[in-house]
Amino acid sequence: MRLLQYIRVNSEGIWLNGRFSALPTGDWAEALYRQDGIQYPKFFKMDHLCRIGWMASELLLAGENDRFEPRTDRAVILFNRSGSLCNDTQYQTTIQDPDNYFPSPALFVYTLPNIVTGEIAIRNGYRGETSCYLLPDFDAGILVETSRQALQDPGTRSLLTGWVECAPGQSDDLLLCLVDAETEENWNEKNLLQLYRYGHL
Amino acid sequence: MKKTYYNSIDMDTFKQELKAEIIRVLNLDGMQPDDINDAEPLFGEGLGLDSIDALELIVLLEKNYGIKLEKPEDGKAVFQSVNVLADYITRNRKK
Amino acid sequence: MKIVRLSDHLVCPLGHDTETTLEAVLQGRSELRLHSDWQHLPEPVCASLFEPDGIASAFAENGQTDQGYTRFEQLAIASAAPAIARSGIDPASPRVLFVLSTTKGNVELLGGNGAGQSESVSPVWSAERLARHFGNPNIPLVVSNACISGLCAQIYAPRALQSGRYDQAVIVGADVLSSFIVSGFQSFKALSQQPCRPFDRERNGLNLGEGAATLVIGRVENADGAWTLCQGAIRNDANHISGPSRTGEGACQALKATLAGICPDEAAMISVHGTATLYNDEMEAVALQRAGLDHLPVNAYKGYLGHTLGAAGLLESVLSMHAIDRGVIPATRGFSEPGVSVPLQVSNQPRTTDKKAFIKMLSGFGGCNAALYYRKGGTQ
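Criteria and thresholds
The written sequence of each chain sets the order in which its residues are numbered from 1. Labels are handed out in written order, letters beginning with A for the chains and numbers beginning with 1 for the ligands. Residues qualify for local features only when their pLDDT is at least 70, as the model is predicted, and side-chain atom pairs are given and counted only at 80 or more; totals for whole chains, interfaces and linings, by contrast, use all residues. In computing side-chain properties, one takes all heavy atoms of the structure into account and sets aside hydrogens as well as water. Only DSSP runs of H or I covering at least 4 residues are called helices, and only runs of E covering at least 2 are called strands; the numbering of each starts at the N terminus. Burial status follows relative accessibility: with a 1.4 Å probe on protein chains alone, a residue under 20% of its type maximum counts as buried, one over 50% as exposed, and anything between as partly exposed. In what follows, a contact means two residues having at least one pair of non-hydrogen atoms within 4.5 Å. We get accessible surface area from the Shrake-Rupley algorithm with a probe of 1.4 Å; when it comes to residues, only the shown protein chains can shield them. Here Asp and Glu are counted as negative and Lys and Arg as positive; His is not counted, and neither are the chain ends. Working definition for charges: the position is that of NZ of Lys, CZ of Arg, CG of Asp or CD of Glu. Throughout, the arc means that of the directions going from the helix axis to the C-beta atoms. Between N or O atoms, a polar contact is any pair within 3.5 Å; within protein, one atom must be a potential hydrogen donor and the other a potential acceptor, and residues adjacent in sequence are included only when both atoms are from side chains. Accessible area that two parts lose when put together, with a 1.4 Å probe and added across both, is what the buried area reports. Here the nonpolar group is Ala, Val, Leu, Ile, Met, Phe, Trp, Tyr, Cys and Pro; Asp, Glu, Lys and Arg are the charged ones; every other residue, Gly included, is treated as polar. By definition here, a salt bridge exists when the distance from a side-chain nitrogen of Lys or Arg to a carboxyl oxygen of Asp or Glu is within 4 Å. If DSSP finds at least two bridges between two strands, the strands pair.

Draft legend 1. Highlighting the overall build of chain C. Looking only at helices and strands, chain C features 10 helices and 16 strands. With respect to the principal axes defined by its C-alpha atoms, chain C has extents near 55 × 50 × 40 Å. Buried positions account for 66% of the 380 residues belonging to chain C. Put simply, 79% of the contacts in chain C that link residues at least 6 apart link residues at least 24 apart. If you sum the accessible surface of chain C, you get close to 12,000 Å²; carbon and sulfur atoms cover 48% of it. A distance of 5 Å separates the average location of the 30 positive side-chain charges in chain C from that of its 35 negative side-chain charges.

Now the structure itself:
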């Protein structure tokens, strides 16, 4: 498999295909959304997990030709540790107090961590596989294996895959990669771990 | 408790408040109350609202005005426009 | 190589094992009831719930002793332990993979007094406890793909086995209900206060249910008459995060990919999602027609079990295997008058069949859809 593009985001900054830029202060995803002049009002309805995953995918895919043409051959397979915990705790506040009990449907819909795969699929017209898995920690081996195994579906020829993690009180932690089925064996555990640790190959 | 509007100035103020509240709960980024035309449909074109927004407006009705809409289908009539919604709230509000 | 069922076990309010539950289903029974003041919710909820001590007793029946497991973890273990015991596998082997399918795991802990902030809310925590309970050394995988998770787990695990890294997998699907989940579905106005009526003209929403099911699978040379997980696919509508696609795009594409190279007329039935919401059932009908499958018998289990969320894909597939072993297509409880735009072969009576294959399909929030083809004795 071949690694085509990647983006790493952590508390230290953003590495887009190895090129570093500082993280905007505050809500980095919203700052970049505004900076890039994107028009996608649904962004503001998303929970934090969706916003960061969606915005990172925007940066990653920005240069692609025919980007919004509907396609079924690209899977979106994401992993994280905390699921939708950030949003779950927010939803819980809408039902916690019996005297102020107003469960919010707009928050409830984001209490599923796979919604971020759906948001990316909707934006880009991806009608292929979308999957979300939880692991105790970032695991380059399992991520690479899972993406290789996803090619057992003959309909899948490329993947947007990676780690999109946010948790209350912690810095966001992302590594998104665009890979395809071509034989160039730079998509492996060693390289993925290198990207996670250093942001570049 | 129950508020009623005896003149059009009060009603206009109420509509402005209502629009500000809609913008807030539906996260309509960059919009101001004056961007929403009182007579135009809330759903369909225009604001780009969807089924989740309709459900969230149902919560707004209950939370702010004590009005319970049991069936989401009933929302269609009530959420036609700001004019219709403001009128409906004024007639049915319990707080 | 074939991926076959070695054993299964399910635990739900209708029964604490697969046979008892299937018997109840074939007799047309259900534990769907209207509960008032459940967990102090202002609205009553019609759901299939365990008795207050139901999960603890299912857990104890299996000779398990309490080690501080939550309700959710007890349920998962109660379904896994008998299945593992019957499969003959060594769960402590590094060649065995554990996969947990759940939508919300221990989320009810969030409502507690501050305890919810701890790690134990996370399904990852529960999955690790589950794997360690059986002495398994591997990192367990949690599938979190909304309502289709149970099928996704049965697509992920066979892939992992086919890759050669593992020989067997223990796939556990479980969800318990809490005020968190029920209030959310209520805010979506998605619930019916009567037992649900899949595909019926009068259908007005879904019911939620609790339950767990475990499927132990293995990689073998020859299926030798065992139930085989032949081929499955996951496809997205790319349309809306909660509303089913009007064109059934993702479900249709998932079905087509699942049945590539397979003659669908070998299938006794399609066990559909059939949640009994207005839009889901209509979407499925459209998808079945577009995939050229509307002539096949259809069944839905939600009228017996409610929607068991992350467990649904496992519960409903396991029940289907056992039903077809008996030559029966279970009735669709709650169905009476057709209420979708495409004529479907739904029935509120059990039908007989001599076929030995079926299709399971599910759809979920996030626009995801999955289908999987099962055949007794493997592909032809």
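Draft legend 2. Inspection of the side chain of Ser 122 of chain C at higher detail. Looking at the secondary structure, you find Ser 122 of chain C in the loop between β4 (96-101) and α4 (123-133). Ser 122 of chain C sits in the buried class, given a relative accessible area of 14%.

Draft legend 3. How the structure looks around helix α2 (residues 54-61) of chain C. Residue and element names in this part refer to chain C. All buried positions along α2 are accounted for by Gly 54, Ile 55, Ala 58 and Phe 59. Down the axis of α2, the buried side of the element spans an arc of 135°, and every buried residue falls inside it. As for α2, its buried residues are in contact with β1 (2-11) and α3 (71-87).

Draft legend 4. How the structure looks around the environment of Asp 97 of chain A. Residues and elements named next belong to chain A. Counting through the fold element by element, Asp 97 comes out in the loop between α3 (85-96) and α4 (105-108). When its relative accessible area of 35% is taken as the criterion, Asp 97 is described as partly exposed. A sequence separation of 88 residues divides Asp 97 from Glu 185, and the C-alpha atoms of the two residues are 54 Å apart. Of the polar contacts made by the side chain of Asp 97, one reaches the backbone nitrogen of Asp 99; its length is 2.9 Å.

Draft legend 5. View of the interface of chain B and chain C. In this complex, chain B contributes 8 residues to the contact, which on the side of chain C involves 6 residues. In total, about 580 Å² of surface goes out of reach between chain B and chain C, with carbon and sulfur atoms giving 64% of it. The largest share of the area that chain B buries against chain C comes from Ile 52, Leu 55 and Glu 70 of chain B, three residues that together contribute 56% of it. On the surface where chain B and chain C come into contact, there are 1 residue pair in polar contact (both at pLDDT 80 or more). The biggest single contributor to the side of chain B that touches chain C is helix α2 (residues 51-65) of chain B, with 4 residues. Looking at the side of chain B that touches chain C residue by residue, the class counts come to 5 nonpolar, 1 polar and 2 charged.

Draft legend 6. The arrangement of the interface of chain C and chain A in detail. Counting from both sides, the interface comprises 51 residues of chain C and, opposite them, 47 residues of chain A. Buried surface at the junction of chain C and chain A, both sides included, amounts to about 4,100 Å², of which 61% is carbon and sulfur. Summed over the three residues of chain C that lose the most area to chain A, namely Arg 159, Phe 180 and Ile 241 of chain C, the buried surface amounts to 16% of that side. Between chain C and chain A we count 5 salt bridges in total. Glu 129 of chain A is the partner of Arg 159 of chain C in a salt bridge, and the nearest nitrogen-oxygen pair spans 2.8 Å. Along the contact surface separating chain C from chain A lie 20 residue pairs in polar contact (both at pLDDT 80 or more).

Draft legend 7. Summary view of the sheet that holds strand β2 (residues 32-35) of chain C. Read from one edge of the open sheet, 3 strands run β2-β3-β7 (chain C), paired in mixed fashion. A strand with exactly one partner marks an edge of an open sheet, and here the two such strands are β2 and β7 (208-209) of chain C.

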